[in-house]
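# Descriptive structure summary
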Amino acid sequence: MLSVFCSGEVVCEPPNNKLDRFSGTLYWKESKFPLSNQNMLLRGCVLRNTEWCFGLVVFAGPDTKLMQNSGRTKFKRTSIDRLMNTLVLWIFGFLVCMGVILAIGNAIWEHEVGMRFQAYLPWDEAVDSAFFSGFLSFWSYIIILNTVVPISLYVSVEVIRLGHSYFINWDKKMFCMKKRTPAEARTTTLNEELGQVEYVFSDKTGTLTQNIMVFSKCSISGRSYGDVLDVLGHKAELGQKPEPVDFSFNPLADNKFLFWDPTLLEAVKMGDPHTHEFFRLLSLCHTVMSEEKNEGELYYKAQSPDEGALVTAARNFGFVFRSRTPKTITVHEMGTAVTYQLLAILDFNNIRKRMSVIVRNPEGRIRLYCKGADTILLDRLHPCPQELLSTTTDHLNEYAGEGLRTLVLAYKDLDEEYYGEWAQRRLRASLARDSREDRLASVYEEVESDMVLLGATAIEDKLQQGVPETIALLTLANIKIWVLTGDKQETAVNIGYSCKMLTDDMTEVFIVTGHTVLEVREELRKAREKMLDSPHAVGNGFTCSEKRSARLTSVLEAVAGEYALVINGHSLAHALEADMELEFLETACACKAVICCRVTPLQKAQVVELVKKHKKAVTLAIGDGANDVSMIKTAHIGVGISGQEGIQAVLASDYSFSQFKFLQRLLLVHGRWSYLRMCKFLCYFFYKNFAFTMVHFWFGFFCGFSAQTVYDQYFITLYNIVYTSLPVLAMGVFDQDVPEQRSMEYPKLYEPGQLNLLFNKREFFICIAQGIYTSVLMFFIPYGVFAEATRDDGTQLADYQSFAVTVATSLVIVVSVQIGLDTGYWTAINHFFIWGSLAIYFAILFAMHSNGLFDMFPNQFRFVGNAQNTLAQPTVWLTITLTTVVCIMPVVAFRFLKLSLKPDLSDTVRYTQLVRKKQKAQHRCLRRVGRTSSRRSGYAFSHQEGFGELIMSGKNMRLSSLALASFTTRSSSSWIESLRRKKSDSAGSPSGGADKPLKG
């Protein structure tokens, strides 16, 4: 059968990424047929309501529109991963330097001293000079000191990340009972970066909202319906809802549909012509498909949830859309089947913002029904009574203020002759090769004029539970939220107000709608000028001239007011061009909220890439549909929501859950803890490795640079595997500075991760310095003591094995005490691993110096009884104690002074929590004593010692919630903000160029 189509030809546009348009012409049998987006089926879509069809593949493979919009899959790595790789290279360079120093020392020692002992310590046969001896010594020390290079670090990091991922998967507070869906960490490599997010890019429909539309209110001929009324006909108070409207008169009604205003149904039953025409329009003006599997069981398949909600509303109020063919629409109007001839569909697009159908009723009358945005439709109405227009406008403003999605409805009667002429013009425009869309728009514009206003609808796209609270909490954590949606501007703005991204208290909301490069640039320039010229933009005691003269890296540092930016897709296309992207980025970053409307999937990814490229900040993208896959892949972290639009976003994501509100827990609890744990783990890991390895370096100066080790070979092998591995893993998996409730209560705790304060190059060098300091004391204190010390029997204490046991024991105890100081949250596992590691060390130490092992392996364990004899000496334990105290006391003193003089916010929160517990215990004690007192004078005998001393001391003042808040804004914010300013100064403007203020 397909052979009959071989003579046809399709002429169409080249492959592109525009999902909303297609232009082509089919030439077949000397006829021309227009091809538009209505004739296109995108890759991955399903054609319904037909058993078979004939199709022609226009684009295939990478040329398909969906593939043109998909981004390239990238391997994601965290900033800590990249820093670790750099630090390991530095450590390897440091290892080489140590090897060179010790090799030079060996060559000098052999030349100056070793030559004199050839009779006693002859060189190996291959060694013929001091220089060659130094060369061999270099490689020997590279092998001995290689433990400074943290080879096992990468394995330990992956184990910790795996544990963090399981915590996310097991979190019951991120489990959705309704969908039976848990949170899922689909990767184990990005957990700590969840604690460093600065920008969140979110889809709207299905992500912030439920993507479930509900017909909420309507305005018909100047009267508003849909308010919840009480029995007296007055508006019900919040929380009061009477019984819903009874639709039992209609056997085809949808039982799930709920409406609360019975007066609308009464108007329908009384035969009000305006009300009947209103619902007739809703039942005809749409592209919904109807499926009836059993008699009376209708299933609607709508292109958008909005259309489905409107058609369902008409169905319940007695105008039931029953079926359609390419040329007819059948509607049951109050129980009577009526078939309309469908003459034309003037479909919706981004520019028209309206949809119309032209139908002929059974009496032969032709009528155009139209629904669309109020900004478009109200300008195309026939002059009508001003009272009706103003009343309907007031209703629209009221609905929009409640965050509802509004549409205006209108109609127009056409005579037969005019329609025939118009249909011919429409056919010629649809076959035009050039400017087809513009010609069709002109023809549509002609007929969609002088219409009669019928009313308006208001649909509620319910926000997901907890969205406003989540956005507010993330904003307090200094996380910027941008909404990137394919919805129209009005809808996106309404949702922005509903979820509290946009507020009436904002200084100004800038709307960029330019269609040319010049218009967009001018609108962005005016927005920046208003920000700088606004009185809110000058603060902190600076005058305007001082502000202008200051060296600003971006508009963001000059603006103190609250602004928002709303930009359309066609304007965004120009704003993302190379010569304008920095202007757009600076303007957007100066705003508290950014909403991008009518954007394509590729534009979403481009916006994310723009921020990644110039802001050097961690980005997170969250969405629920296939159109969000590109930005999810582009962002540092991708989060998929398992919602109404399939699982494409989930499959492309790094983390997934079912509701947007779980994002706050993912970032503020799991993300912050993961970052904190990983940073503490890395700091301690580098510290213990340097403290262990550098002892060999110092020993080299006292052993003739002979590459002799301080410790025995078994201790070197077991140090990182047994003695110190489990405690640091326990800290990396379980540690936390404050409980999860406090993490949510004080969002400012999240900011150190954004500023990368807990582990950076500075912190690395501090850890290395502490490790080197510990190694110096670890070697020289026992060395100095052993030089003069004697045993109980008066013999010399100093021998190689006793010194090795003393240094090794001191090291294990010091690093165990250090990790005890670093641990902020003690669990049974931490106790078991830390004290168990110490016990295992002593068990293995005594076992290796026992008679039993010597009898079995005399060549391997030659020093029988050495550990027992060494540790039996009081001098050795005094040496170990002295070494431990001198190594640990500076750390304790520094932390005590820091806690007293300049505490972090987390320190203050912990201290506050501790004092609250003590106060609760005191209150319980007061109540308990009060119950046992005399009944004659309850006050006198139950009134125990109060808090007078506490109040006079002033201690409770700094622990009050007010003082805590002032601390947050004064102490914590001051150092965090100063660091943020330094970070901005060093990073420069988004362009990375010279600092220069924007001129307003």
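Residues numbered from 1 in each chain as written. Predicted model: local features only at pLDDT ≥ 70, side-chain atom pairs only at ≥ 80, totals over all residues. Heavy atoms only, no water.

The protein chain goes by Phospholipid-transporting ATPase in an unreviewed UniProt entry, where it is assigned to Zalophus californianus. What UniProt records for the protein chain under Catalytic activity (unreviewed entry) is the sentence "ATP + H2O + phospholipidSide 1 = ADP + phosphate + phospholipidSide 2." (UniProt positions renumbered as here; feature names shortened; annotations may be inferred.)

## Section: the overall build of the protein chain
A tally of helices and strands in the protein chain yields 35 helices and 23 strands. As displayed, the protein chain offers around 48300 Å² of accessible surface, 58% of which is attributable to carbon and sulfur atoms. (Helix = DSSP H or I, 4+ residues; strand = E, 2+ residues; numbered from the N terminus. Areas by Shrake-Rupley, 256 points an atom, 1.4 Å probe, with all protein chains shown as cover.)

## Some thoughts on the nonpolar core
Residues Phe 681, Leu 682, Phe 686, Tyr 711, Phe 715 and Leu 811 are the most contacted members of the largest nonpolar core, which totals 82 residues. Leave out the neighbours within four places in its chain, and Tyr 711 touches Ala 691, Phe 692, Val 695, His 696, Ile 716, Tyr 800, Ala 804, Val 807, Ala 808 and Leu 811. Core analysis: the second largest hydrophobic core is formed by 47 residues, Tyr 225, Val 268, Val 320 and Tyr 369 among them. (Core = buried A, V, L, I, M, F, W, Y, C linked by side-chain atoms within 4.5 Å. Buried < 20%, exposed > 50% of the residue type's maximum accessible area, 1.4 Å probe, protein only. Contact = heavy atoms within 4.5 Å.)

## Notes on the packing of helix H26 (residues 761–788) against helix H31 (residues 874–901)
Where H26 contacts H31, the axes come no closer than 10 Å and their chain directions differ by 155 degrees. The angle between H26 and H31 falls in the class roughly antiparallel. The interaxial crossing formed by H26 with H31 has right-handed handedness. Together, Gln 770, Tyr 773, Thr 774, Leu 777, Met 778, Ile 781, Pro 782, Val 785 and Phe 786 of H26 and Thr 875, Val 876, Thr 879, Leu 882, Thr 883, Val 886, Cys 887, Pro 890 and Val 891 of H31 make up the contact between the two elements. Of the residues that constitute the contact of H26 with H31, the class distribution is 13 nonpolar, 5 polar and no charged. (Axes fitted to C-alpha atoms, helices over the stretch in contact; angles between N-to-C directions. Parallel < 35°, antiparallel > 145°, perpendicular 65-115°, else oblique. Left-handed = near helix turned anticlockwise from the far one by under 90°. Nonpolar A, V, L, I, M, F, W, Y, C, P; charged D, E, K, R; others polar.)

## A short note on helix H21 (residues 662–700)
Because an α-helix completes one turn every 3.6 residues, residues spaced three or four positions apart along the sequence face the same direction. Compared with an ideal rise of 1.5 Å per residue, which puts 39 residues at 57 Å, H21 spans 56 Å between its outermost C-alpha atoms and is within 8% of the ideal. The sharpest bend along H21 reaches about 30 degrees and sits at Gly 671. In terms of burial, H21 is largely enclosed, as 38 of its 39 residues are buried. (Expected span 1.5 Å × (residues − 1). Bend = angle between axes of the 7 residues up to and from the residue.)

## Some points on the pairing of strand S10 (residues 319–324)
Most of S10 is tucked away, with 5 of its 6 residues classed as buried. Relative to strand S11 (residues 328–333), S10 is paired through 5 bridges, and the arrangement is antiparallel. Bridging from a neighbouring strand, Phe 319 pairs with Glu 333 of S11. The antiparallel pairing of S10 with S11 creates a hairpin that spans 3 residues between the two strands. (Pairing = 2+ DSSP bridges.)

## Details of the side chain of Glu 307
Structurally, Glu 307 is set in helix H7 (residues 305–316). In this structure, Glu 307 is in contact with His 286, Thr 287, Val 288, Ala 302, Met 355 and Lys 371, ignoring residues within four places of it in sequence.

## As for the sheet that holds S11
Strand order in the open sheet formed by 9 strands is S7-S6-S16-S15-S14-S13-S12-S11-S10, with antiparallel pairing between adjacent strands. Edge strands, defined here as strands with exactly one partner in the open sheet, are strand S7 (223–225) and S10. In this sheet, neighbouring strand axes are inclined to one another by 30 degrees on average, regardless of whether the strands run parallel or antiparallel. Where strand S6 (residues 209–220) meets S7, 3 bridges bridge the pair, whose relative direction is antiparallel. Following the sheet pairing, Ile 220 is matched in S7 by Arg 223. Each of S6, S10, S11, strand S12 (336–346), strand S13 (354–360), strand S14 (366–372), strand S15 (405–414) and strand S16 (452–463) is contacted by helix H6 (residues 273–284), which is oriented at about 60 degrees to S16, the strand it contacts most.

## Here we look at the packing of aromatic side chains
As enumerated under the stated definition, the model contains 57 aromatic pairs in all. Residues Tyr 723 and Tyr 841 carry aromatic rings whose centres are separated by 5.2 Å and whose planes lie at 90 degrees to one another, so their mutual orientation is edge-to-face. Taken together, the positions of Tyr 723 in helix H22 (residues 713–723) and Tyr 841 in helix H28 (residues 828–848) put the pair 118 residues apart, joining distant regions of the chain. Side by side, Tyr 723 and Tyr 841 carry an identical accessibility label, which is buried. Taking the centre distance of 5.1 Å and the plane angle of 65 degrees together, the rings of Tyr 841 and Phe 842 count as edge-to-face. Here the aromatic residues Phe 697, Trp 698, Phe 699, Phe 701, Phe 702, Phe 705, Phe 779, Phe 780, Tyr 783, Phe 786 and Phe 803 are joined through ring pairs into a cluster of three or more. Directly above the aromatic system of Tyr 300 lies the positively charged group of Arg 315, at a separation of 5.4 Å from the ring centroid. When the ring centre of Tyr 199 is taken as reference, the NZ or CZ atom of Lys 480 above it lies at 5.6 Å. (Phe/Tyr/Trp six-rings, centres within 6.5 Å; stacked < 30°, edge-to-face > 60°. Lys NZ or Arg CZ within 6 Å of the ring centre and 35° of its normal.)

## What to know about the sheet that holds strand S3 (residues 31–35)
The sheet built from 3 strands is open, its strands ordered S1-S2-S3 with antiparallel pairing. This sheet does not close on itself; its edge strands, each paired only once, are strand S1 (9–12) and S3. Ignoring which end each strand starts from, the neighbouring axes of this sheet average 20 degrees apart. The pairing of strand S2 (residues 24–28) with S3 spans 5 bridges and is antiparallel. Bridging from a neighbouring strand, Thr 25 pairs with Pro 34 of S3.

## Quick notes on the environment of His 274
The residue His 274 is located in helix H6 in this model. Residue His 274 is classed as partly exposed on the basis of its relative accessible area, which comes to 40%. Along the chain, His 274 and Gly 455 lie 181 residues apart, while their C-alpha atoms are 8.9 Å from each other.

## Overview of unusual backbone geometry
Of note in this structure, Asn 478 is not a glycine but carries a positive phi near 65 degrees. Locating Asn 478 in the fold gives a position in the loop between helix H12 (467–476) and strand S17 (480–484). One non-glycine residue, Ala 707, lies in positive phi territory at about 65 degrees.

## Observations regarding the pattern of salt bridges
According to the stated counting rule, one finds 39 salt bridges in the structure shown. Lys 173 serves as the salt-bridge partner of Glu 740, at 2.7 Å between the closest nitrogen and oxygen. One end of the pair, Glu 740, is in helix H24 (residues 740–745); the other, Lys 173, is in the loop between helix H4 (153–170) and strand S4 (184–185), and 567 residues separate them in sequence. Owing to a relative accessible area of 18%, Glu 740 belongs among the buried residues under this scheme. The partner of Arg 521 in a salt bridge is Asp 579, and the shortest N-O contact between them spans 3.4 Å. Here Arg 521 is found in helix H14 (residues 517–533), whereas its partner Asp 579 is found in the loop between helix H16 (569–575) and helix H17 (581–589), with 58 residues between them in sequence. Residue class for Asp 579 comes out exposed when judged on its relative accessible area of 51%. (Salt bridge = Lys/Arg side-chain N within 4 Å of Asp/Glu carboxyl O.)

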